[in-house]
Amino acid sequence: MRQRQVDNVEQCIIERARKVLPSGGFGNVSFDVVVAKGKGGHVWDESGNEYIDYLLGSGPMLVGHAHPDVTKAVQEQVAKGSTFFANNALGIELAEAIVNGVPCAEKVRFVSSGTEATFYAMRVARAYRGRDKILKFEGGFHGMSDYALMSMAPAKPSNFPQAVPDTAGIPEKVSDEMLIAPFNDTETAIDLIREHANELAAVIVEPLQRMIPPKEGFLEALRDATRDAGLPLIFDEVVTGFRFAYGGAQEFYGVEPDLCALGKVIGGGYPLAAIAGSEEVMAVFDAASVEPERSVKQIGTLSGNPVAAAAGLATIEVLKQPGVYAKVFATGRKLMDGLKASLAKHGIQAQVLGEPPMFDVVFTPREINDYRSTLGADGEMSKRFNSELLARGILKGDHKFYVSLAHTDEDVAKTLDAFDGALAAVAA
Ligand SMILES: Cc1ncc(COP(=O)(O)O)c(C=O)c1O
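Residues numbered from 1 in each chain as written. Predicted model: local features only at pLDDT ≥ 70, side-chain atom pairs only at ≥ 80, totals over all residues. Heavy atoms only, no water.

Enquirer: I keep staring at the site of the ligand and nothing clicks. Help me out?
Expert: Close to the ligand lie Ser113, Gly114, Thr115, Phe141, His142, Gly143, Glu206, Arg210, Asp236, Val238, Val239 and Lys264, which account for all nearby residues. Asp236 has a polar side-chain atom sitting 2.7 Å from a nitrogen atom of the ligand. Within the side chain of Lys264, an N or O atom sits 2.8 Å from an oxygen atom of the ligand. Taken together, the residues that form the shell around the ligand break down as 3 nonpolar, 5 polar and 4 charged. (Near = heavy atom within 4 Å. Polar contact = N/O pair within 3.5 Å; in protein donor to acceptor, adjacent residues only side chain to side chain. Nonpolar A, V, L, I, M, F, W, Y, C, P; charged D, E, K, R; others polar.)

Pasting the structure below:
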């Protein structure tokens with residue numbers, strides 16, 4: 001394999017990291033690249049190597065790194081102060097923009113991470129329904145809370161609806177509070193919702209689960225079944241919000257939940273996320289408008305932070321411009337098609353999954369519709385493919401390509417060449 005050149009300065013930083021950080025890193029990625037700067041669709045490491053960046057900060061940088069409008073908005077706000085804890089006009093303006101853009105959003109509560117947003121969305125539903133249990137889908141990722149880390153990636157899946165914890169450190173009893181259903185298996189999911197309707201507080205789902213698109217009718221069936229059972233349906237739109245469409249996956253797939261969790265793009269690269277939903281359900285955040293036993297406490301030092309709100313507002317202002325989503329989709333489609341063609345050329349059996357703004361390749365001959373169908377995939381081959389891409393100046397996360405508005409035709413052409421070289425190496 002070609003090697004990227006790591007100079008002494010970067011090597012020294014990597015060694016310092018190993019002394020002070022568990023596993024030598026922040027826990028987010030498996031590779032040892034120390035990123036020094038980013039601009040548009042590219043980043044540079046501390047050794048000066050340039051990469052076409054499909055990691056994109058794990059999704060927030062949809063309009064590209066250091067977009068001039070975002071930088072200007074942030075700099076203007078930073079000069080006026082960084083955080084106040086009290087209300088600020090930019091945060092209120094961002095909430096208005098979310099209400100105007102996201103179909104289910106009538107009210108918005110800000111937090112600082114996607115993990116908090118899904119955690120509170122589940123708590124809100126429990127308070128609203130006065131029940132404890134939440135149904136989630138096997139393989140679904142909703143951040144790092146005790147409730148979210150159930151059957152996200154179980155090595156040994158159990159019978160549905162039994163939950164399997166994904167990490168040490170979760171109190172044993174939490175698994176009893178989560179029910180697990182198979183994604184894209186409408187019949188089983190609906191049966192489970194009906195069977196447990198009297199003890200469930202909500203159903204939470206990633207509308208596109210990791211990279212797996214919903215089968216036609218699946219989200220609609222969840223919508224109908226939860227409505228019939230009087231349960232809030234929560235869409236985790238931390239990734240898909242403002243990425244699949246201005247109104248997120250709920251606009252893209254045409255199914256409106258009661259609540260959604262937003263993050264990533266709405267913070268424009270800063271720590272900001274939100275719970276958004278119907279006025280009726282979100283009322284539990286307002287102690288004055290619900291009974292004490294339904295009132296949800298929620299406070300956060302950086303909630304609605306004005307610098308993050310400035311970055312989010314400037315970002316979504318860019319996304320309002322005509323043709324923006326068409327460009328992101330066109331770029332992603334060229335990359336997905338090129339990847340499929342390259343896989344076919346090298347005789348590699350694999351599935352290219354996702355939607356154009358966000359996709360990946362899974363090395364398996366099997367059609368993938370749910371978590372279990374990914375289990376036989378060749379994970380070693382994925383790692384080698386990612387390393388071969390990295391050596392060719394393509395940076396991506398372990399399981400995802402994020403596409404940006406800033407990626408150019410030249411970037412696409414270079415990436416397609418890199419696909420070909422990396423797959424030739426993987427197939428050899
Ligand atoms: C679907 C989904 N939900 C929640 C989260 C958690 O967000 P955060 O990393 O901001 O806590 C993520 C993060 O990637 C995500 O992809």
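Enquirer: I keep staring at a negative patch on the surface and nothing clicks. Help me out?
Expert: Negative charge collects at one region of the surface, where Glu187, Asp191, Glu195 and Glu199 lie side by side. Here Glu199 shows up in the loop between α5 (186–195) and β7 (200–205). (Patch = residues over 30% accessible without salt bridge, like charges linked within 9 Å, V, L, I, M, F, W, Y side chains within 5 Å. Areas by Shrake-Rupley, 256 points an atom, 1.4 Å probe, with all protein chains shown as cover. Salt bridge = Lys/Arg side-chain N within 4 Å of Asp/Glu carboxyl O. Lys, Arg positive; Asp, Glu negative; His and termini not counted. Charge placed at Lys NZ, Arg CZ, Asp CG, Glu CD. Helix = DSSP H or I, 4+ residues; strand = E, 2+ residues; numbered from the N terminus.)

Enquirer: Sorry if this is basic, but what is going on with the layout of surface pockets here?
Expert: In this approach the atoms are scanned with a rolling probe the size of a water molecule, which exposes any empty space left behind. Approximately 390 Å³ is the volume found for the second largest pocket. Of all the secondary structure elements, the ones that give two or more residues to the lining of the second largest pocket are α3 (89–101) and β4 (107–111). Across the lining of the second largest pocket, the residue classes break down as 7 nonpolar, 7 polar and 1 charged. (1 Å grid on protein atoms, 1.4 Å probe; cavity = no way out; pocket = protein on both sides within 12 Å on 5 of 7 lines; lining within 4 Å. Points joined across faces, edges and corners; volume = space filled by probe spheres on them.)

Enquirer: Help me understand the packing of α3 against helix α9 (residues 306–319), please; the structure alone is not making it clear to me.
Expert: Packed helices, taken two at a time, are described by the angle between their axes plus the distance between the axes. Two numbers describe how α3 lies on α9: the axes approach to 8 Å, and their chain directions differ by 40°. Judged by the twist between their axes, the crossing of α3 over α9 is left-handed. In this structure, α3 uses Leu90, Gly91, Glu93, Leu94 and Ala97 to contact α9, whose residues at the interface are Pro306, Ala309, Ala310, Gly312, Leu313 and Ile316. Each residue belonging to the contact of α3 with α9 can be placed in one class, and the counts come to 8 nonpolar, 2 polar and 1 charged. (Axes fitted to C-alpha atoms, helices over the stretch in contact; angles between N-to-C directions. Left-handed = near helix turned anticlockwise from the far one by under 90°. Contact = heavy atoms within 4.5 Å.)

Enquirer: Can you help me understand the packing of aromatic side chains in this one?
Expert: Two aromatic rings, taken as a pair, are described by how far apart their centres are and by the angle between their planes. Counted according to the given criterion, the structure contains 14 aromatic pairs. When the centroid spacing of 5.3 Å and the interplanar angle of 75° are considered together, the rings of Phe119 and Tyr120 count as edge-to-face. Overall, Phe119 belongs to the partly exposed group, its relative accessible area being 23%. Directly above the aromatic system of Phe285 lies the positively charged group of Arg109, at a separation of 4.7 Å from the ring centroid. Positioned above the aromatic ring of Phe401, the side-chain terminus of Lys396 is 4.8 Å from the ring centre. (Phe/Tyr/Trp six-rings, centres within 6.5 Å; stacked < 30°, edge-to-face > 60°. Buried < 20%, exposed > 50% of the residue type's maximum accessible area, 1.4 Å probe, protein only. Lys NZ or Arg CZ within 6 Å of the ring centre and 35° of its normal.)

All quantities given are derived from atomic positions and should not be read as evidence of function.
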